[in-house]
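Overview (structure and organization)
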Amino acid sequence: MKVSIVGSGYVGIVTGIGFAELNNEVIFIDIDKDKVEKINSAKPPLYEKGLEELMKKNRDKYVATSDYKRAIEYTDVTFICVGTPSKKDGSIDLKFIKSAAVEIGKALKDKGDFHVVVVKSTVVPGTTEDVIKPTIEEKSKKKSFEDFGLAVNPEFLREGNAIEDFFNPDRIVIGAKEEKSKKSLNELYSSFECPKFFTDIKTAEMIKYASNAFLATKISFANEIGNICKKLGIDAYDVFKGVGLDHRINPSFFRAGIGFGGSCFPKDVKALMAKAEEVGENPRLLKAVIEINEKQPLKLIELLKKHVSKLEGEKIGVLGLAFKPDTDDIRESRAIPIVETLIKEGAEIIAYDPKAMNNFAKIFPQLKYANSADEVIANSDAVLIVTEWEEFEKLNYKGKIVIDGRRVERAREAKIYEGVCW
Ligand code: NAD
């Protein structure tokens, strides 16, 4: 099939290159000229394991452009993959969605053939039918579900594992109303053997939020139990190994530590909370999930102060800045509140991350960035482990004070070792 992808960030580029690998022709549309140029030179616009190789391999199957009209005219299906960030009050900011819908509408105006628009961005229930649909209809002068299709296909990939997740999803959720859109999506996903769940548009939108809210809840739950374990001298990891053996519970996502970050969980839980309040519901559990998550990284500083009572002038090493390993993404990284607190307390920070230092330096240019993790260890009085990059398992921590937020086993060799929940 011929597929266009609006927005070539984490979701867009992986989805598009994934479809190209499955022998579809793909056109990426992005307003960011730099990304367009990179993609057209077969260079990944961001770091994601395995992406560069797949881009090179499928070089003849995709192009990138900023020209909506050309892309939509040539393709059968358009996936909207633009960002849906939070506004200051936590509610969803639809500015990218709206401008994408305007441009899609304008491009559809002169197109004769039926075209399917699929919303892959995470949008609160009601957005597709109440915001995207009327915008495209107004600009295209066409009728949705008759002249063009409109469907929702939420994305569940995990950054850092995105390519693997694209080809091996647990399920594919499709919210659609008319047969042509269902048929196109069925065809596009025909080689996938996982369950395909067809539902209505609003339900598909909600499935994405309920999934992320549940996973975020599981992490905050693990951290709350983990904090209690720490005070009682119990290893929360062993507790959750035991708990996870219950088939009703499932062992994954019980990694107690310093909380969740990234572009999805915090913003999606907050957007769902705002939507709940808009419809007169008080999301008490979700509020607690966020509150626990905001306090959790500071546990690392609390533990550090047990061993270094005054941080002013102390050399504190920070290992890991990305919100999780195998990504350069620092959005909502737990490193941010940790570094902010260290700066406030006057510590001298030396930081290292294998992939995310450039992104982190854009917000914190004042830090000293090391060339290696070894350099951090050699030049600091105490080390905080913030992201569990695999290479941190190979370091020599002997003789150091290490406060571990992510369970790096090797760090236990340190002179003084504290785990956040163990
Ligand atoms: P991102 O910020 O990395 O990328 C968005 C891209 O859209 C950027 O390249 C930007 O230049 C482009 N863009 C913005 N407005 C545009 C427009 N009008 N026309 C064309 N391009 C435009 O975002 P992301 O992380 O890929 O997330 C995209 C969506 O997918 C969000 O709704 C997010 O919640 C959801 N999602 C993300 C992940 C993830 O792990 N990142 C996982 C599942 C779902």
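Report follows, based on the coordinates. All of these numbers come straight from a predicted model, not from anything done at the bench.

**Overview of the pairing of strand β7 (residues 172-175)**
A regular strand carries its side chains on alternate faces of the sheet. On β7, burial covers both faces: Ile-172 and Ile-174 on one face and Val-173 and Gly-175 on the other are all buried. Looking at chain direction, β7 and strand β8 (residues 196-199) are connected through four bridges and run parallel. Across the sheet, residue Ile-174 finds its bridge partner in β8, namely Phe-198. Handedness of the β7-helix α8 (residues 179-188)-β8 crossover: right-handed.

**Regarding the side chain of Thr-387**
When you line up the elements, Thr-387 lands in the loop between β12 (382-385) and β13 (401-404). Overall, the relative accessible area of 0% leaves Thr-387 in the buried class. If we ignore the near neighbours within four places in the chain, the residues touching Thr-387 are Leu-319, Gly-320, Leu-321, Ala-322, Lys-324, Pro-325, Asp-353, Phe-392 and Arg-406.

**A few points about the site of the ligand**
Near the ligand there are 29 residues, and of these Asp-30, Tyr-68, Thr-84, Glu-159 and Lys-267 occur at the shortest range. Tyr-10 places a polar main-chain atom, nitrogen or oxygen, 3.0 Å from an oxygen atom of the ligand. At 2.5 Å from a nitrogen atom of the ligand is found a side-chain nitrogen or oxygen belonging to Tyr-68. Relative to its free-state accessible area of 840 Å², the ligand is covered by the protein chains to the extent of 91%. If you tally residues by element for the shell around the ligand, the top one is helix α5 (residues 95-108), at three residues. Its residues placed into classes, the shell around the ligand shows 12 nonpolar, nine polar and eight charged. Among the domains, domain 1 (2-199) and domain 2 (209-295) are the pair contributing at least three residues each to the shell around the ligand.

**Some details on a negative patch on the surface**
A surface patch of like charges, here negative, comprises Glu-73, Asp-76, Asp-113 and Glu-187. Considering the arrangement of structural elements, one finds Asp-113 in the loop between α5 and β5 (115-119).

**What about the sheet that holds strand β11 (residues 368-369)?**
Strand order across the open sheet formed by six strands is β11-β10-β9-β12-β13-β14, with parallel pairing between neighbours. Of all the strands in the sheet, the pair left with one neighbour each is β11 and β14 (416-419). Strand direction decides the pairing type here: strand β9 (residues 315-319) and strand β10 (residues 348-352), joined by five bridges, are parallel. Note that in β10 the partner of Lys-315 across the bridge is Glu-348. Packing against the sheet, helix α13 (residues 298-307) makes contact with β9, β12, β13 and β14, and its axis sits at approximately 160° to β13.

**Comments concerning the pattern of salt bridges**
A full pass over the atoms with the stated rule returns 32 salt bridges. In this structure, Lys-38 engages Asp-34 in a salt bridge whose closest nitrogen and oxygen atoms are separated by 3.6 Å. Residue Lys-38 and its partner Asp-34 are located together in helix α2 (residues 33-40), separated by four residues, close to a single helical turn. A residue is classified by how much of its surface remains accessible, and Asp-34, at 45% relative accessible area, is partly exposed. Among the salt bridges present, the one from Lys-241 reaches Asp-238, with a minimum N-O distance of 3.7 Å. Here the residue Lys-241 and the residue Asp-238 both occupy positions in helix α10 (residues 236-244), the gap between them amounting to three residues, near one helical turn. Via salt bridges that share partners, Asp-235, Arg-407, Glu-409 and Arg-412 belong to a single interconnected network.

So, how was this worked out
- Residues numbered from 1 in each chain as written.
- Predicted model: local features only at pLDDT ≥ 70, side-chain atom pairs only at ≥ 80, totals over all residues.
- Heavy atoms only, no water.
- Buried < 20%, exposed > 50% of the residue type's maximum accessible area, 1.4 Å probe, protein only.
- Helix = DSSP H or I, 4+ residues; strand = E, 2+ residues; numbered from the N terminus.
- Pairing = 2+ DSSP bridges.
- Right-handed = clockwise from strand over helix to strand, strands pointing away.
- Contact = heavy atoms within 4.5 Å.
- Near = heavy atom within 4 Å.
- Polar contact = N/O pair within 3.5 Å; in protein donor to acceptor, adjacent residues only side chain to side chain.
- Areas by Shrake-Rupley, 256 points an atom, 1.4 Å probe, with all protein chains shown as cover.
- Nonpolar A, V, L, I, M, F, W, Y, C, P; charged D, E, K, R; others polar.
- Domains from an automatic or database assignment.
- Patch = residues over 30% accessible without salt bridge, like charges linked within 9 Å, V, L, I, M, F, W, Y side chains within 5 Å.
- Salt bridge = Lys/Arg side-chain N within 4 Å of Asp/Glu carboxyl O.
- Lys, Arg positive; Asp, Glu negative; His and termini not counted.
- Charge placed at Lys NZ, Arg CZ, Asp CG, Glu CD.
- Axes fitted to C-alpha atoms, helices over the stretch in contact; angles between N-to-C directions.

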